[in-house]
Amino acid sequence: MGQQISSSRFWTTTWTPALDAATHPRRADGTPDPDAPRLRRRPRVHDLRHTHPSWMIAAGTDLFVLQRRLGHESITTTTETYAHLLPDQQVAAAAAAGRALGGLSLAPRTY
């Protein structure tokens, strides 16, 4: 478990069979299943590099945690690559500021 596998072995034993199954689904008896959902395009292995952080962002993972997990030297790389996945962050930040300031009242000025 957790061992590195060679690139050629990964392609022949895992990646290609998975893509074949996803693009040409079959029933349990081995016959083609024309009604099953299927991939229309064959993703590259590198596409997984972006799928993983996209799912993590959707689950609420902090960008600084994601930066370290992905091995980005700078948070700028992480934000420039994935900021488009955070459209609700400004709304959430404004709501948090509103909650923080909600209990404050301005003291009357004394001159």
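These notes cover the structure that comes with them. These figures come from a predicted structure and were not determined experimentally.

This part takes up the packing of aromatic side chains. Using the criterion set out here, one finds two aromatic pairs in the structure. Ring centres of Trp11 and Trp15 lie 6.3 Å apart, and the angle between their planes is 75°; this geometry places the pair in the edge-to-face category. Placement of the pair is Trp11 and Trp15 together in helix α1 (residues 7–23), with a separation of four residues, close to one helical turn. Through pairs of rings, three or more aromatic residues link up here, namely Phe10, Trp11 and Trp15.

In contact at an axis separation of 11 Å, helix α2 (residues 45–58) and helix α3 (residues 63–70) are set at 155° when each is read in the N-to-C sense. For the element pair α2 / α3, the angle class is roughly antiparallel. In the crossing of α2 with α3, the sense of the turn from one axis to the other is right-handed. In contact with Arg49, His52, Pro53, Met56 and Ile57 of α2, α3 contributes Leu63, Leu66, Arg69 and Leu70. Across the contact of α2 with α3, the residue classes break down as six nonpolar, one polar and two charged.

On to the nonpolar core, then. For soluble globular proteins, nonpolar side chains are generally found buried alongside one another. In this structure, Met56, Ile57, Leu63, Leu66, Leu70, Tyr82 and Leu86 together form the largest nonpolar core, which totals seven residues. Only α2 and α3 provide two or more residues apiece to this core. Take this core: its biggest share by element is three residues, from α3.

On to the pattern of salt bridges, then. Tallied over the entire structure, the rule returns two salt bridges. Across the pair Arg42 and Asp20 runs a salt bridge whose closest N-O atoms are separated by 3.2 Å. With Arg42 in the loop between α1 and α2 and Asp20 in helix α1, this pair connects stretches of sequence that are 22 residues apart. When its relative accessible area of 44% is taken as the criterion, Arg42 is described as partly exposed. A salt bridge links Asp47 to Arg44; its shortest N-O distance comes to 2.7 Å. Look at Asp47 and you get partly exposed, because its relative accessible area is 24%.

How each quantity is defined
Residues numbered from 1 in each chain as written. Predicted model: local features only at pLDDT ≥ 70, side-chain atom pairs only at ≥ 80, totals over all residues. Heavy atoms only, no water. Phe/Tyr/Trp six-rings, centres within 6.5 Å; stacked < 30°, edge-to-face > 60°. Helix = DSSP H or I, 4+ residues; strand = E, 2+ residues; numbered from the N terminus. Axes fitted to C-alpha atoms, helices over the stretch in contact; angles between N-to-C directions. Parallel < 35°, antiparallel > 145°, perpendicular 65-115°, else oblique. Left-handed = near helix turned anticlockwise from the far one by under 90°. Contact = heavy atoms within 4.5 Å. Nonpolar A, V, L, I, M, F, W, Y, C, P; charged D, E, K, R; others polar. Core = buried A, V, L, I, M, F, W, Y, C linked by side-chain atoms within 4.5 Å. Buried < 20%, exposed > 50% of the residue type's maximum accessible area, 1.4 Å probe, protein only. Salt bridge = Lys/Arg side-chain N within 4 Å of Asp/Glu carboxyl O.

Worth remembering: the numbers are spatial, not functional.
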